[in-house]
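If you want the building blocks of each chain, they are given just below.
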Amino acid sequence: MTLSPESLERVERLGRLLEESAFTVVLTGAGISTASGIPDFRTPGTGLWEKADPAKVAALDAFREDARGFWRFYSQRLSRLGNVEPNPAHVALACLERGGRIHGLITQNIDRLHSKAGSGEVAEVHGSIDRAECLACGDDYPYDRVMDDLSAGIEVPCCDCGEALKPGVTLFGEDLPPDALRTAVGWARSAELLIVAGSSLRVWPVAGLPEMTLNAGGRLAVLNAEATPYDAEAVLVERSPLEDFLPVVAERLGCSQA
Ligand SMILES: [Zn+2]
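These numbers come from a predicted model, not from an experiment.

Engineer: Explain the overall build of the chain to me, please; I cannot follow it from the model alone.
Structural biologist: Scanning the chain from terminus to terminus reveals 10 helices and 9 strands. Relative to a compact globule of 258 residues, whose C-alpha radius of gyration would be 18 Å, the chain shows 19 Å and is just as compact. The dimensions of the chain, computed from C-alpha atoms along their principal axes, are 55 × 35 × 35 Å. Within the span of the chain, comprising 258 residues, buried residues form 50% of the whole. Across the chain, the fraction of contacts at a sequence separation of at least 24, relative to all contacts at a separation of at least 6, is 70%.

So this is what it looks like as structure tokens:
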């Protein structure tokens with residue numbers, strides 16, 4: 001899709017903001033992965049979540065009470081998410097990081113697509129499908145081992161200690177991973193520029209991160225299809241699709257896609 005003249009003007013402005021900032025952090029949400037074919041489960045009528053209430057099915061209580069039922073549902077989700085690929089928006093952010101323009105990336109997404117695209121400094125504040133963990137002994141196992149178990153017909157992937165494994169994704173009713181959260185808060189406070197990309201900033205505590213940047217004197221840019229509570233405080237607001245907009249920004253700053 002071709003960007004409108006107004007959007008191209010905002011490409012220039014964001015390019016300048018990136019050049020002026022010595023420490024830039026990006027905060028991404030579901031909106032960056034929709035172009036990879038992952039529906040935002042908060043959008044009604046989309047795919048796997050259509051018949052299931054995520055707050056019930058993807059909940060810590062559900063896992064503890066009925067690991068078999070939990071995995072019957074979650075195995076479908078894992079196999080779908082494992083097969084998706086990064087889109088040009090993920091690739092552009094990875095390029096900008098390699099080019100020294102982005103210093104940290106905070107994501108609410110669990111799909112590993114930033115890492116797959118080549119981003120290195122990533123704080124996954126809702127966890128990731130990349131690992132599965134044992135709540136009893138603390139061991140963890142890679143995605144492939146879990147998928148191997150599931151495709152071999154094992155209904156509940158288990159730890160070597162015998163307990164059921166839990167996906168490394170933050171479930172409803174579960175605390176966010178403390179290390180990732182600490183990193184995210186530190187980055188938000190240090191950011192001269194925080195770029196929100198594909199998040200409506202409605203889920204706490206991630207929704208509080210832009211406030212930290214603003215309070216510390218940093219600037220905020222919002223790239224999101226819908227309005228967010230922070231639009232009025234942002235120096236730039238862009239609504240066009242991230243997979244159209246971000247590659248042009250990367251190109252403007254001379255970041256090669258290779
Ligand atoms: Zn264990």
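That covers the picture; the talk isn't over yet.
Engineer: Would you mind showing me how to read the coordination of the zinc ion here?
Structural biologist: Ideal geometry at a metal centre: 109.5 degrees between donors when four sit tetrahedrally, and 90 or 180 degrees when six sit octahedrally. Taken together, Cys-134 (SG), Cys-137 (SG), Cys-159 (SG) and Cys-161 (SG) make up the protein donors of the zinc ion, found 2.3 Å from the metal. With 4 donor atoms in place around the zinc ion and angles of 103 to 122° between them, the coordination shape is tetrahedral. Motif for the zinc ion, donor spacing along one chain: C-x2-C-x21-C-x1-C. Of the two residues, Cys-137 sits in the loop between strand S4 (127–134) and strand S5 (140–142) while Cys-161 sits in the loop between helix H7 (143–151) and strand S6 (165–169), which places them 24 residues apart along the sequence. Exposure remark for Cys-137: the relative accessible area of 40% places this residue in the partly exposed category.

Engineer: Looking at this structure, I do not really get the sheet that holds strand S3 (residues 122–124). What am I missing?
Structural biologist: Strand pairing within a sheet occurs via backbone hydrogen bonds; the two strands may be parallel or antiparallel. Pairing is parallel across the open sheet formed by 6 strands, whose spatial order is S3-S2-S1-S7-S8-S9. With one partner strand each, in any of the chains shown, S3 and strand S9 (236–238) form the two edges of the open sheet. Neighbour to neighbour, the strand axes of the sheet diverge by 15° on average, direction disregarded. With 5 bridges connecting them, strand S7 (residues 193–197) and strand S8 (residues 219–223) associate as parallel partners. Of the residues in S8, the one forming a bridge with Val-196 is Val-222. Where helix H1 (residues 5–20) meets the sheet, its contacts fall on strand S1 (24–28), S7, S8 and S9, and the angle it forms with S9 comes to roughly 135°.

Engineer: Quick question: what am I supposed to make of the packing of H1 against helix H10 (residues 242–252) here?
Structural biologist: Packed helices, taken two at a time, are described by the angle their axes make and the gap between the axes. Where H1 meets H10, the axes come as close as 9 Å, and the angle between the chain directions of the two elements is 55°. One way to sum up the angle between H1 and H10 is to call them oblique. H1 and H10 meet at a crossing whose hand is right-handed. Here H1 contributes Ser-7, Leu-8, Arg-10, Val-11, Glu-12, Leu-14, Gly-15, Arg-16, Leu-18 and Glu-19 to the contact with H10, which in turn contributes Phe-245, Val-248, Val-249 and Arg-252. Class assignment of the residues belonging to the contact of H1 with H10 gives a composition of 7 nonpolar, 2 polar and 5 charged.

Here is what the cut-offs are and how they apply
- Residues numbered from 1 in each chain as written.
- Predicted model: local features only at pLDDT ≥ 70, side-chain atom pairs only at ≥ 80, totals over all residues.
- Heavy atoms only, no water.
- Helix = DSSP H or I, 4+ residues; strand = E, 2+ residues; numbered from the N terminus.
- Rg over C-alpha atoms; globule rule 2.2 N^0.38 Å.
- Buried < 20%, exposed > 50% of the residue type's maximum accessible area, 1.4 Å probe, protein only.
- Contact = heavy atoms within 4.5 Å.
- Donors = N, O, S within 2.8 Å, 3.2 Å for Na, K, Ca; no water.
- Tetrahedral: all angles 85-135°; square planar, octahedral: opposite > 155°, others 65-115°.
- Pairing = 2+ DSSP bridges.
- Axes fitted to C-alpha atoms, helices over the stretch in contact; angles between N-to-C directions.
- Parallel < 35°, antiparallel > 145°, perpendicular 65-115°, else oblique.
- Left-handed = near helix turned anticlockwise from the far one by under 90°.
- Nonpolar A, V, L, I, M, F, W, Y, C, P; charged D, E, K, R; others polar.

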